[in-house]
Amino acid sequence: MSQYVIPYGKQDISQQDIDAVVEVLKSDFLTQGPKVPAFEAALMAHTGAKHALAVNSATSALHIACLALGLGPGDWLWTTPITFVASANCGLYCGAQVDFVDIDERTYNLCPEKLEQKLRDAKNAGTLPKILVAVHLCGQPCDMKAIHRLSKEYGFRVIEDASHAIGGKYHGVPIGRCEYSDITVFSFHPVKIVTTAEGGAALTNCEQLAAKMELLRSHGITRNEALMKGESHGGWYYQQIDLGYNYRMTELQAALGVSQMQRLEEFVEARHVHAVRYNDLLKELPITLPYQLENTYSGLHLYVIRLKLDAISLTHKEVFDALRGNGIGVNLHYIPVHTQPYYQELGFNNGDFPESERYYSDAISLPMFHGMTTEQQDEVVRVLHEVLKRK
Ligand SMILES: *Cc1c(COP(=O)(O)O)cnc(C)c1O
C-alpha cells in the first residue's frame, strides 16, 4: 500500500538550505565552528533576547534550562498535561517532582485561574513549584502577563516551551524575548516551524543563566581562564567545573538553521493563510475552530479542531480513522501527559485534569505546513465535510 497521505506537518527545504549544508561538509568544521554562533546570532536578532544557546534538541534545552535554574530533588516543576512529554520529563531528569495545571477551555494552554488556585493550595501545603513550564500550544502564546505576575507573587521561575511558537508574537513582541520568563526554549524538529533536522535552543536575557547553560551543554568544561580554579597549565588546558552533557548542535544543523531562519516570516505567514482558509471553509461544520487570544500572533505550528460529538453520529476515533483512511494525515496533539503509564506509576490518575481529558476526547490536528497546496487543503476540507455528514 503506497496510498498518498497529506501529512499533518512537513519541513520545507530550499536549494539554499541544501547549499548551506553542503558548504559546511566541505569546510574545516563539522562541529564547534562558526555556524553555531551564527545561528545563535540569528535567533537573537529575531527575538531580541540577549543570549541564545543552540543545542541538539528542545528536550536538551529544557533539561539544561531546569538545571541552570537550580531545579533538583525536593523541588516541584509544574506544566500543562496537553504537551509533548518532554515539557514534563525535564523535571524528572533533575530529580524533581512534576505536577500539572489543567488547561483553559478556549486556548488549550494552561489556565492562569487554575494556576492561581493551585498556587494558593500549594502555598498552604508547602509544595510551591520552583519552575513553571508554560507551553505555547499550537503556537498560541500563553497568558504570559498573568503567569509573570503569579511568578512574582509566589516566587517561581518561568520557562517558556516555545517549541510550537517561533515567529509568533505576544503583545507585539516576538516569542523568545523572555520579557515575562527566565528562559525560552525552541525546537527545530522537522515538523516544527523552522528545522535543523534535530535541534533546539535556549534563550535568556540573564548572563549567569546563559553562562551556566553554555557549560552544561558541553560537559561542564571551560577554556575560559576567568572561570578556572587556579592557573591555566598552558594552551591545551581546560577544566571541568560542573557536571555537564554533550548537547551540542553540529555545524551542519546550524547552517541549515541559519538558512531556514531567513524564511521564518514567510513560513509563519503561509501558515496564517492556510488557517484563514480553513476557518472559512470549515465554519459550517459541527466543530470548534481554533480560538486566538487577543493581542497575540500565533506561530501556528498546529491547526487543531474540536469535534462537537453531540452533533456528529460518529465517535472521535471513527472520524479520525475515516480521515486517515482517506489519505488525510491527521494527528492528535497531545495525549495528556498524566495519563501516560509512566506518569500513572508516579501516582496520577485519569480524571485528575478533566479539561485536558475532555480536549483529548475530541481534538484532531489537521494538516498544516508551509508547502501545503490549495489542492491539498481543499482535499482535507472535502474529506472532512464528507466524513462529518456520515450517519
Ligand atoms: C517537539 C516538542 C518538544 C521536544 O522537542 P525536540 O526538539 O524533539 O526535543 C518539547 N516540547 C514541545 C511542546 C514540543 O512540541
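Reading guide: rules and limits
- Residues numbered from 1 in each chain as written.
- Predicted model: local features only at pLDDT ≥ 70, side-chain atom pairs only at ≥ 80, totals over all residues.
- Heavy atoms only, no water.
- Helix = DSSP H or I, 4+ residues; strand = E, 2+ residues; numbered from the N terminus.
- Expected span 1.5 Å × (residues − 1).
- Buried < 20%, exposed > 50% of the residue type's maximum accessible area, 1.4 Å probe, protein only.
- Arc of directions from axis to C-beta.
- Contact = heavy atoms within 4.5 Å.
- Pairing = 2+ DSSP bridges.
- 1 Å grid on protein atoms, 1.4 Å probe; cavity = no way out; pocket = protein on both sides within 12 Å on 5 of 7 lines; lining within 4 Å.
- Points joined across faces, edges and corners; volume = space filled by probe spheres on them.
- Nonpolar A, V, L, I, M, F, W, Y, C, P; charged D, E, K, R; others polar.
- Domains from an automatic or database assignment.
- Axes fitted to C-alpha atoms, helices over the stretch in contact; angles between N-to-C directions.
- Parallel < 35°, antiparallel > 145°, perpendicular 65-115°, else oblique.
- Left-handed = near helix turned anticlockwise from the far one by under 90°.
- Buried area = accessible area lost by both parts, 1.4 Å probe.
- Salt bridge = Lys/Arg side-chain N within 4 Å of Asp/Glu carboxyl O.
- Polar contact = N/O pair within 3.5 Å; in protein donor to acceptor, adjacent residues only side chain to side chain.
- Core = buried A, V, L, I, M, F, W, Y, C linked by side-chain atoms within 4.5 Å.

### With respect to helix 9 (residues 264-281)
Phase 1 of the analysis: In a regular helix each residue adds 1.5 Å, so 18 residues correspond to 26 Å; helix 9 covers 26 Å between its end C-alpha atoms and thus fits that length.
Phase 2 of the analysis: Taken as a whole, helix 9 has its buried residues at Leu264, Phe267, Val268, Ala270, Arg271, His274, Ala275 and Tyr278. Looking straight down helix 9, one finds its buried side chains confined to an arc of 155 degrees; they lie on one side. Exposed and oriented more than 90 degrees from the buried face of helix 9 are Glu265, Val273 and Val276.
Phase 3 of the analysis: Among the structural elements, helix 2 (35-47), helix 8 (251-261), strand 13 (296-297), strand 14 (303-307), strand 15 (363-366) and helix 13 (374-389) are those in contact with the buried residues of helix 9.

### Quick look at the sheet that holds strand 7 (residues 173-174)
Phase 1 of the analysis: Pairing in this open sheet of three strands is antiparallel, and the strands run 7-6-13 from one edge to the other. Pairing within the sheet leaves two strands with one partner each, and these edge strands are strand 7 and strand 13.
Phase 2 of the analysis: Across two bridges, strand 6 (residues 169-170) lies against strand 13 in antiparallel orientation. Its bridge partner being in strand 13, Tyr170 is matched across the sheet by Thr296.

### Considering the environment of Asn326
Phase 1 of the analysis: One can find Asn326 in the loop between helix 10 (316-325) and helix 11 (341-345).
Phase 2 of the analysis: For Asn326, a relative accessible area of 32% translates into the label partly exposed.
Phase 3 of the analysis: In the structure, Asn326 is positioned 194 residues away from Leu132 in sequence and 40 Å away in space, judged by C-alpha atoms.

### What to know about the layout of surface pockets
Phase 1 of the analysis: Here the largest pocket is characterised by a volume of approximately 590 Å³.
Phase 2 of the analysis: Surrounding the largest pocket, 20 residues form its lining, Gln32, Glu214, Arg217, Ser218 and Ile221 being those nearest its centre.
Phase 3 of the analysis: Elements represented by at least two residues in the lining of the largest pocket include exactly helix 2, helix 7 (207-216) and strand 10 (221-222).
Phase 4 of the analysis: Grouping the constituent residues of the lining of the largest pocket by class yields eight nonpolar, seven polar and five charged.
Phase 5 of the analysis: By volume, the second largest pocket amounts to about 380 Å³.
Phase 6 of the analysis: Taken together, 22 residues line the second largest pocket, and the ones lying closest to its centre are Phe84, Ser187, His189, Lys192 and Tyr334.
Phase 7 of the analysis: Elements with a minimum of two residues in the lining of the second largest pocket: helix 3 (58-68) and helix 4 (86-93).
Phase 8 of the analysis: Among the elements that make up the lining of the second largest pocket, the one with the highest residue count is helix 3 (three residues).
Phase 9 of the analysis: Partitioning the lining of the second largest pocket into residue classes produces eight nonpolar, 11 polar and three charged.
Phase 10 of the analysis: Two domains share the lining of the second largest pocket, each providing at least three of its residues, namely domain 1 (15-261) and domain 2 (264-388).

### A short note on the packing of helix 1 (residues 15-25) against helix 8
Phase 1 of the analysis: Relative orientation of the contacting elements helix 1 and helix 8 amounts to 150 degrees, with a least axis distance of 8 Å. When the interaxial angle is binned, helix 1 and helix 8 end up roughly antiparallel. Seen along the crossing, helix 1 lies across helix 8 with a hand that is right-handed. On the side of helix 1, the interface is formed by Gln16, Asp17, Ala20, Val21, Val24 and Leu25, while helix 8 contributes Glu251, Leu252, Ala255, Leu256, Ser259 and Gln260.
Phase 2 of the analysis: When its residues are assigned to classes, the contact of helix 1 with helix 8 shows seven nonpolar, three polar and two charged.

### So, the domain arrangement of the chain
Phase 1 of the analysis: Assigned domains of the chain: these are domain 1 (15-261) and domain 2 (264-388).
Phase 2 of the analysis: Distance from the C-alpha centre of domain 1 to the C-alpha centre of domain 2: 26 Å.
Phase 3 of the analysis: Between domain 1 and domain 2, the residue contacts involve 43 residues of the former and 34 residues of the latter.
Phase 4 of the analysis: For the pair domain 1 and domain 2, the summed buried surface comes to about 3,300 Å²; carbon and sulfur atoms form 64% of the total.
Phase 5 of the analysis: Contact with domain 2 buries surface across domain 1, with Tyr108, Cys138 and Ile193 losing the most and accounting together for 18% of the total.
Phase 6 of the analysis: Between the two partners, domain 1 and domain 2, sit zero salt bridges.
Phase 7 of the analysis: At the surface where domain 1 touches domain 2, the tally comes to 21 residue pairs in polar contact (both at pLDDT 80 or more).
Phase 8 of the analysis: Listing elements by their share of the side of domain 1 that touches domain 2, those giving two or more residues are helix 4, strand 3 (97-100), helix 5 (112-125), strand 6 and helix 8.

### Focus: the nonpolar core
Phase 1 of the analysis: Core analysis: the biggest nonpolar cluster contains 39 residues, and Leu43, Leu115, Ile147, Ile166 and Phe188 have the highest contact counts within it.
Phase 2 of the analysis: The set of elements that each furnish at least two residues to this core consists of helix 2, strand 1 (51-55), helix 5, strand 4 (131-135), helix 6 (144-154), strand 9 (200-204), helix 8 and helix 9.
Phase 3 of the analysis: At four residues, the largest contribution of residues to this core is made by helix 6.
Phase 4 of the analysis: The next biggest cluster of nonpolar side chains, apart from the first, holds 35 residues, and it includes Cys66, Leu71, Ala202 and Leu209.

### Section: the environment of Tyr291
Phase 1 of the analysis: Looking at where Tyr291 falls in the secondary structure, it is placed in the loop between strand 12 (287-288) and strand 13.
Phase 2 of the analysis: A relative accessible area of 30% means that Tyr291 is categorised as partly exposed.
Phase 3 of the analysis: With near-sequence residues (within four places) excluded, Tyr291 lies in contact with Arg106, Thr107 and Gln140.
Phase 4 of the analysis: Only 3.2 Å separates the side chain of Tyr291 from the side chain of Arg106, close enough to count as a polar contact.

### Side note on the pattern of salt bridges
Phase 1 of the analysis: Scanning the model with the defined rule gives 17 salt bridges in all.
Phase 2 of the analysis: The salt bridge involving Arg217 is made with Glu40; its shortest N-O contact spans 2.8 Å. Highlighted residues: Arg217 in the loop between helix 7 and strand 10 and Glu40 in helix 2, separated in sequence by 177 residues. An identical accessibility class is assigned to Arg217 and Glu40; each is buried.
Phase 3 of the analysis: Between Arg358 and Glu355 there is a salt bridge; the shortest N-O distance is 2.8 Å. Here Glu355 and Arg358 lie together in helix 12 (residues 354-362), a separation of three residues that amounts to about one turn.
Phase 4 of the analysis: Note on Glu355: relative accessible area 10%, which makes it buried.
Phase 5 of the analysis: Connected via shared salt-bridge partners are Asp12, Asp17 and Arg263.

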